[in-house]
Amino acid sequence: QVQLVESGGGLVQAGGSLRLSCAASGSIFSINFMGWYRQAPGKQRELVAAIFSGGSTTYADSVKGRFTISRDNAKNTVYLQMNSLKPEDTAVYYCNLNSLLYRRNFWGQGTQVTVSS
């Protein structure tokens, strides 16, 4: 199986920056993509950014130009650099791994990001 451990959330003022980290362990081969989702109170969970096994990336329109997803294969870690944060970015952020081996998604425990105005 796969384990995902997130870190890096917190409270920041609007315009500030945070970097989230997601360390993967276990059977972390045959991965389709890893990504970050977020869920704000009363809203559905939404994809923020993803990085595919070949290195290509995709972003939600709302974060394009402000967030950057990257990975360190040696550390089995994916990062989400979040700049120019807005109050509407406030949510619980979840790391996700889509496994081709297990044909399912794995999720981290979530980390809270709060942006004050």
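Residues numbered from 1 in each chain as written. Predicted model: local features only at pLDDT ≥ 70, side-chain atom pairs only at ≥ 80, totals over all residues. Heavy atoms only, no water.

Trainee: What is the right way to read the overall build of the protein chain from this model?
Mentor: Summing up its helical and strand segments, the protein chain has 0 helices and 11 strands in all. Beginning at the N terminus, the succession of helices and strands in the protein chain can be written as β-β-β-β-β-β-β-β-β-β-β. Its C-alpha radius of gyration of 14 Å places the protein chain within 12% of the 13 Å reference for a compact globule of 117 residues. Carbon and sulfur atoms form 48% of the exposed surface of the protein chain, whose accessible area is close to 6,100 Å². Between the centroid of the 11 positive side chains of the protein chain and the centroid of its 6 negative side chains there is a distance of 5 Å. (Helix = DSSP H or I, 4+ residues; strand = E, 2+ residues; numbered from the N terminus. Rg over C-alpha atoms; globule rule 2.2 N^0.38 Å. Areas by Shrake-Rupley, 256 points an atom, 1.4 Å probe, with all protein chains shown as cover. Lys, Arg positive; Asp, Glu negative; His and termini not counted. Charge placed at Lys NZ, Arg CZ, Asp CG, Glu CD.)

Trainee: What's the story with the environment of V78 in this structure? I'm lost.
Mentor: Along the chain, V78 turns up in strand 8 (residues 77-82). By relative accessible area, which is 2% here, V78 ends up buried. Considering only alpha carbons, one finds V78 and Q44, 34 residues apart in sequence, at a separation of 23 Å. Ignoring sequence-local partners within four residues, the contact set of V78 consists of L20, S21, C22, M34, W36, I51, I69, S70 and R71. (Buried < 20%, exposed > 50% of the residue type's maximum accessible area, 1.4 Å probe, protein only. Contact = heavy atoms within 4.5 Å.)

Trainee: Got a minute to help me understand the environment of C95 in this structure?
Mentor: By secondary structure assignment, the location of C95 is in strand 9 (residues 91-99). The exposure class of C95 is buried, given its relative accessible area of 0%. Filtering out sequence-adjacent residues up to four positions away, C95 remains in contact with L4, E6, C22, M34, G35, W36, F106, W107 and G108.

Trainee: Can you walk me through the pairing of strand 8 in this structure?
Mentor: The side chains of a regular strand alternate, residue by residue, between the two faces of the sheet. With respect to burial, strand 8 is a largely interior element, 5 of its 6 residues being buried. Here strand 7 (residues 67-72) pairs with strand 8 via 6 bridges, running antiparallel. Of the residues in strand 8, the one forming a bridge with R71 is V78. Between strand 7 and strand 8, which pair antiparallel and follow one another directly, the connecting turn spans 4 residues, one of which, N76, has a positive phi of 50°. (Pairing = 2+ DSSP bridges.)

Trainee: Is there a simple way to think about the sheet that holds strand 8 in this case?
Mentor: Hydrogen bonds between backbone atoms are what pair the strands of a sheet, whose relative direction is either parallel or antiparallel. Read from one edge to the other, the open sheet built from 4 strands follows the order 1-3-8-7, with strand pairing classed as antiparallel. One side of each edge strand has no neighbouring strand; the edge strands of this open sheet are strand 1 (2-7) and strand 7. Between one strand and the next, the sheet's axes are offset by a mean angle of 15°, whatever the strand orientation. Two strands pair when backbone bridges link them, and strand 3 (residues 18-26) and strand 8 are joined in this way by 6 bridges, in the antiparallel orientation. What sits directly across from L18, in strand 8, is M82. (Axes fitted to C-alpha atoms, helices over the stretch in contact; angles between N-to-C directions.)

Trainee: What is the right way to read the nonpolar core from this model?
Mentor: Nonpolar side chains tend toward joint burial in soluble globular proteins. Residues L4, M34, W36, L80, M82, Y93 and L97 are the most contacted members of the largest nonpolar core, which totals 30 residues. Looking at this core, the elements with two or more residues in it are strand 1, strand 3, strand 4 (31-39), strand 5 (46-52), strand 7, strand 8, strand 9 and strand 11 (111-116). When near neighbours in sequence (up to four residues on either side) are disregarded, L80 contacts L18, R19, L20, W36, V48, A49, F67, T68, I69 and Y93. (Core = buried A, V, L, I, M, F, W, Y, C linked by side-chain atoms within 4.5 Å.)

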